[in-house]
Amino acid sequence: MKVLKFGGSSVSNSENCKRVQEIIKRDYANCKQVVVVSAFGGVTDELERCINLASDRNKEYENSLFKVKERHFQVINELNLPAEIEFGTSKKFDEIAELLQGVYLLEEISQKVKNSVMGSGEILSSLIFSAYLNQCGMNTVLFDSRDFIKTQNGKGVFLNSEQTNKNLEAVKNVEFQVALFPGFIASGQKGEMTLLGRGGSDYTASILAAGLKCSELEIWTDVSGMFTADPRLVSQAQPIEQMSFQEAMELSHFGAKVIYPPTLIPVLQNKINVRIKNTFAPDEKGTLITSAPKSERSIVRGLSSINNINLFTLSGSGMVGISGFASRFFTCLAQNKINVVLITQASSEQSMSVGINEGDRALAIEAVRSEFEMEIRMNLVNEPAVEQDLSIVAVVGEDMGYTPGISGKVFSVLGRNGVNIRAMAQGGNELNITFMVPTFDVKKVLNVIHEDFFISTHKKVNLYIAGVGNVGGKLLEFMKNQYDYLLEEKGLQLIVRAVTNSRKMYFAKDENMLQDWKQKLEEESEVANLQEFVKRMDQANLRNSVFVDITASESVSKVYQQVLNSTVSIVACNKIAASSEFDNYLRIKAAAKKHNVEFMFESNVGAGLPVISTINSLIHTGDKIVGIDAVVSGSLNFIMNEFNNGKSFVEAVKMAMEQGFTEPDPKIDLSGMDVLRKLLILSREAGYKLEVKDVEHEPMIPLSCLNGETAADLIRDLEAHNDHFEAWRTVMAEKNIRYRYIASFADGKANVSLKEVTPDHPFYDIHGKDNVISLKTKWYNDQPLIIKGAGAGAEVTASGIFGDIIRITSN
Ligand SMILES: NC(=O)C1=CN([C@@H]2O[C@H](COP(=O)(O)OP(=O)(O)OC[C@H]3O[C@@H](n4cnc5c(N)ncnc54)[C@H](OP(=O)(O)O)[C@@H]3O)[C@@H](O)[C@H]2O)C=CC1
Ligand SMILES: N[C@@H](CC=O)C(=O)O
């Protein structure tokens, strides 16, 4: 024999009653079933409203009751139930109306009347549903729970389990295939109706399962079991296949509202398995709650959270070493019926903090103030401090016990995502790790822990992109092409949340704009506003967020501090920040470190070549960079190669511009400024403190060519200086040399200038837009370490940026 309990949502209308009947039919021939039903969804609340209206002498209660009655009759009619059920139902509503009229006249509600009215929903639903099952040909007997389930009064209403179990013996003598019991209701010592409280119908089912020694209790609800986290907050949450009673109670206590923990006690004591099933998806496995659940692949069984929590702190130097403070504190809270959901005390004994519900805040302050009035007056104890807008998160799993590293992992992933933990506690049985965080962060917290502990199908990477020109456009194209591969192979889901250029910006509502960013930016955008962009990104507070700077804009580089303060990582190909004043470069790096996020700029030098990462890796492993010689301008190298091949200088410059090798402002390349910035970045990464003024710098072209405003001005001026460049051709031929624009650093001296190289020089043959970076180090002394390859162009640069994004988010 097994017990099936159907909640209000499962029997909220005739359609659902039919579903429930189908579920009962599945095992009808195989085993006897005890079915417990709640009132039709929402009816108990409506009945309670009617009582309150009546006691306020508000005639509206009649209307409300009429609507409840109509709902029941609609179900009776739709199910074509016999006239006697209509009659029984009508009679019950007359009784309720009579009770409510009494309340209306007396303006008073006795507990007895309240119970009788509120328990009527289950009496009605069980009457209707048992008739329906019989009509469907099922041998169904309707029992009145009040005849069996007995309560006794104490401080509240308690189950008299001895008497209840004795009464239930009688059920075994009755011939039935389905026994139907109304949930929630019971009777007291004098036979008066009593109610089993919150989660009452689950409790009825659990009491019956224990008393009738059933093999299993099935709780049918509107979700497919207990989930690894609330699916409304964590889209990747999955039903938990099996869990222990303790885990179920712990998760339910901390907000997973599938069951009400005390209702499990009778089944727990009798080792009866509980299965949570979904009435609306009956073939799904659901969750089995059992004493010895099989281990899941994750050591954590589930996560849950409760909002509207306050952190209430009592502190003061007068508390140290004096016994009795804690006892007075907790007694005072208990006497005022203030539920404490978390307790922490620092070992210095200077403070004690508890988590309480927001609704208890005022009462707690008043009660504790009055309890410690004298100590507060004598400055031994401070005024109670309360912090609002917090939530409690619980990480639950029996297997966490005695497994080192779990809390370390939880807290480090939160640290990486910039979440500040306000208080924490871990039960001695290590069944749960509980902590308080700002409510603003809860969704992020649940998601990052979920991603780290459960076999998540994927990790979401939230991208905010500034700059969608030559390189930015290519990056978005690459990401679109690699979307499926990264999702399937690396479990990374790239989500573009927002995009801006200097004119327009678009913030996705909830969609991923990777596919149609161009159209969105064209058709649905708003006027670009960088501050607003960063503000909205901060407000979205999404985990694994990355701000990608693919502009050449100084104003964008100026928002980095703000971005990092929002615990969002930065990937930049914009070189301005890393080559700005040394102190600013350090400040940005320090902010990233402080907020546990990344600032990555591999594409600043050599585009997609692994230059910065190589320097970092040498330094980390104990090497020292002693000298740098480099051709780090793809465009200048390309221009010189084209020039050597016979093109005029200006033609070569135009080609470099057309092919996207130059900066948005090509003067930055031709002046040597781009190379200077790169040398600063390389030497800084190599551990040297260098400023722009410390670099000897000769522009590649005459200064007079650099005075114009626009690219067209530059072209015009270069044409005017054609003779100057043609003279190079003559010198190169005569001396059998080539000109290369070289950045070098040695003995603390940095230089950027056009140099002559002979055919035996490693920089003589550098093809196309290639870069060569030659690093002389302690370990690479005789033969420098050489990194060589394409150093400009949208593709290689986009691949360098993409690489940084993947490195950050794969951590
Ligand atoms: N090209 C290459 O080979 C390499 C380039 N880089 C770096 O890549 C960056 C981009 O280069 P590239 O794509 O060629 O340049 P583009 O001119 O093609 O694109 C620049 C983008 O930045 C946008 N932008 C400019 N100012 C702002 C602002 N204040 N706020 C928001 N968006 C802004 C532009 O918008 P709008 O269109 O409205 O002006 C445009 O979308 C540069 O920093 C460059 O140094 C690095 C390595 C190699
Ligand atoms: N304009 C730059 C592009 C890469 O930084 C160059 O020419 O190298």
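Residues numbered from 1 in each chain as written. Chains lettered and ligands numbered in written order. Predicted model: local features only at pLDDT ≥ 70, side-chain atom pairs only at ≥ 80, totals over all residues.

Brief notes about the overall build of the protein chain
(1) Moving on: The secondary structure content of the protein chain amounts to 29 helices and 31 strands.
(2) Moving on: Its C-alpha atoms put the protein chain at 120 × 70 × 50 Å along the principal axes.
(3) Moving on: Burial status across the protein chain gives 45% buried among its 811 residues.
(4) Moving on: Pairs at least 24 residues apart make up 72% of the contacts formed inside the protein chain by residues separated by at least 6 positions. (Helix = DSSP H or I, 4+ residues; strand = E, 2+ residues; numbered from the N terminus. Buried ≥ 20, exposed ≤ 12 C-beta atoms within 10 Å, placed from the backbone. Contact = placed C-beta atoms within 7 Å.)

Here we look at the domain arrangement of the protein chain
(1) Moving on: Here the protein chain is partitioned into domain 1 (2-222), domain 2 (302-402 + 424-437), domain 3 (459-607) and domain 4 (612-792).
(2) Moving on: Relative placement of domain 2 and domain 3: their C-alpha centres are 41 Å apart. (Domains from an automatic or database assignment.)

Quick look at helix 14 (residues 406-416)
Since one α-helical turn is 3.6 residues long, residues separated by three or four positions face the same way.
(1) Moving on: Three or more residues of helix 14 are buried, namely I406, V410 and L414. Buried residues along helix 14 cover an arc of 65° about the axis, so they all sit on one side.
(2) Moving on: Lining the buried residues of helix 14 we find strand 16 (385-396), strand 18 (432-438) and helix 15 (442-453).
(3) Moving on: Positive phi shows up at G418, right after helix 14, with a value of about 70°. (Arc of directions from axis to C-beta.)

Here we look at the site of ligand 1
(1) Moving on: Taken together, 33 residues surround ligand 1, and among them G467, G469, N470, N501 and P664 come closest.
(2) Moving on: Secondary structure elements with two or more residues in the shell around ligand 1: helix 16 (470-490), helix 19 (554-557) and helix 29 (794-809).
(3) Moving on: In terms of residues, the shell around ligand 1 owes the most to one element, helix 16, which gives 3 residues.
(4) Moving on: Considered class by class, the residues forming the shell around ligand 1 number 14 nonpolar, 16 polar and 3 charged.
(5) Moving on: Split by domain, the residues of the shell around ligand 1 number at least three in each of domain 3 (459-607) and domain 4 (612-792). (Near = placed C-beta within 6 Å. Nonpolar A, V, L, I, M, F, W, Y, C, P; charged D, E, K, R; others polar.)

Comments concerning the site of ligand 2
(1) Moving on: The full set of residues close to ligand 2 is A607, S633, G634, S635, F661, T662, E663, D669, D674, G791 and A792.
(2) Moving on: Each residue belonging to the shell around ligand 2 can be placed in one class, and the counts come to 3 nonpolar, 5 polar and 3 charged.

Focus: the sheet that holds strand 3 (residues 140-142)
(1) Moving on: The strand order 3-6-2-1-9-11-12-10 describes an open sheet built from 8 strands, whose pairing is mixed. Each edge of the sheet is formed by a strand with only one pairing partner; in this case those strands are strand 3 and strand 10 (242-243).
(2) Moving on: Pairing analysis gives 5 bridges linking strand 1 (residues 2-6) to strand 9 (residues 216-221), with the strands arranged parallel. By the bridge assignment, V3 is partnered in strand 9 with L217. (Pairing = 2+ DSSP bridges.)

Digging into the pairing of strand 13 (residues 302-315)
Within a regular beta strand, the side chains point alternately toward one face of the sheet and then the other, so they alternate between its two faces.
(1) Moving on: The element strand 13 is extensively covered by neighbouring structure, given that 10 of its 14 residues are classed as buried.
(2) Moving on: Here strand 13 runs beside strand 15 (residues 351-357); their pairing, made up of 7 bridges, is antiparallel. Of the residues in strand 15, the one forming a bridge with L314 is M352.

Points about the nonpolar core
(1) Moving on: In this structure, V35, L100, I128 and A209 are the most contacted members of the largest nonpolar core, which totals 129 residues.
(2) Moving on: No other element matches helix 6 (residues 120-135), which puts 8 residues into this core.
(3) Moving on: When neighbours within four sequence positions are excluded, L100 is seen to be in contact with C50, I51, A54, Y61, L65 and V117.
(4) Moving on: Ranked by size, the runner-up nonpolar core spans 105 residues in total, among them V499, A572, V695 and A743. (Core = buried A, V, L, I, M, F, W, Y, C linked by C-beta atoms within 7 Å.)

Some thoughts on the sheet that holds strand 18
Sheet strands pair via backbone hydrogen bonds, and the direction of the pair is either parallel or antiparallel.
(1) Moving on: Taken in spatial order, the 6 strands make up an open sheet running 14-15-13-16-18-17, and their pairing is antiparallel. Looking at the sheet topology across the chains shown, the edges are occupied by strand 14 (340-345) and strand 17 (423-426). Here the average twist between neighbouring strands, direction ignored, is 30°.
(2) Moving on: Inspection of the sheet shows strand 13 paired to strand 16 by 9 bridges, in the antiparallel sense. (Axes fitted to C-alpha atoms, helices over the stretch in contact; angles between N-to-C directions.)

Let's talk about helix 28 (residues 722-735)
(1) Moving on: For helix 28, spanning 14 residues, the distance from its first C-alpha to its last is 20 Å, which sits close to the expected 20 Å at 1.5 Å a residue.
(2) Moving on: Helix 28 sits mainly on the outside: 0 of its 14 residues count as buried.
(3) Moving on: Just beyond helix 28, the residue with positive phi is N736, at close to 55°. (Expected span 1.5 Å × (residues − 1).)

Examining the environment of G800
(1) Moving on: Along the chain, G800 falls in helix 29.
(2) Moving on: On the basis of neighbour count, G800 is assigned to the buried category, with 27 C-beta atoms found within 10 Å.
(3) Moving on: Distance in space between the C-alpha atoms of G800 and G606 is 8.9 Å, their sequence separation being 194 residues.
(4) Moving on: The contacts of G800, once residues within four sequence positions are left out, are C573, E602, S603, A607 and G608.

Looking at the packing of helix 1 (residues 14-26) against helix 6
(1) Moving on: Two elements in contact, helix 1 and helix 6, have axes separated by 11 Å at closest approach and are oriented at 55°. Judged by the inter-axis angle, helix 1 sits oblique to helix 6. The element helix 1 and its partner helix 6 pack so that their crossing is right-handed. For the pair formed by helix 1 and helix 6, the contact residues are C17, Q21 and I24 on the first element and F129, Y132 and L133 on the second.
(2) Moving on: By residue class, the composition of the contact of helix 1 with helix 6 is 5 nonpolar, 1 polar and no charged. (Parallel < 35°, antiparallel > 145°, perpendicular 65-115°, else oblique. Left-handed = near helix turned anticlockwise from the far one by under 90°.)

Quick look at the environment of L168
(1) Moving on: Its place among the elements puts L168 in helix 7 (residues 161-168).
(2) Moving on: Taking the C-alpha atoms as reference points, L168 and E216, separated by 48 residues in sequence, lie 17 Å from one another.
(3) Moving on: If near-sequence neighbours (up to four positions away) are discounted, L168 is found in contact with F148, G211 and L212.

Concerning the pairing of strand 16
(1) Moving on: Strand direction decides the pairing type here: strand 16 and strand 18, joined by 7 bridges, are antiparallel. Directly across from L390, in strand 18, lies its bridge partner P438.

Points about the environment of E511
(1) Moving on: Within the fold, E511 resides in the loop between strand 21 (504-507) and helix 17 (517-523).
(2) Moving on: Sequence separation between E511 and F745 is 234 residues, and the spatial gap between their C-alpha atoms is 48 Å.

Quick look at the confidence of the model for the protein chain
(1) Moving on: Within the protein chain, residue pLDDT values average 92, and 97% of them lie at 70 or more.
(2) Moving on: The ipTM assigned to the predicted complex is 0.99, against a pTM of 0.71. (pLDDT = per-residue confidence, 0-100.)

Looking at unusual backbone geometry
(1) Moving on: Residue R57 is not a glycine yet carries a positive backbone phi of 55°.
(2) Moving on: With 12 C-beta atoms packed within 10 Å, R57 lands in the exposed category.
(3) Moving on: We note that N596 has phi near 60°; this positive angle belongs to a residue other than glycine.
(4) Moving on: As for its placement among the helices and strands, N596 is situated in the loop between helix 21 (582-594) and strand 25 (599-600).
(5) Moving on: Given 17 C-beta atoms within a 10 Å radius, N596 is considered partly exposed.

Describing the packing of helix 4 (residues 83-106) against helix 6
When two helices pack together, their arrangement is given by the angle between the helix axes and by the axis-to-axis distance.
(1) Moving on: Close contact between helix 4 and helix 6 brings their axes to 10 Å; oriented N to C, the two are set at 175°. Relative to helix 6, the element helix 4 lies roughly antiparallel. Here I85, G88, T89, K92 and I96 of helix 4 lie close against helix 6, whose contacting residues are S120, I123, L124, L127, I128 and A131.
(2) Moving on: Classifying every residue of the contact of helix 4 with helix 6 gives 7 nonpolar, 3 polar and 1 charged.

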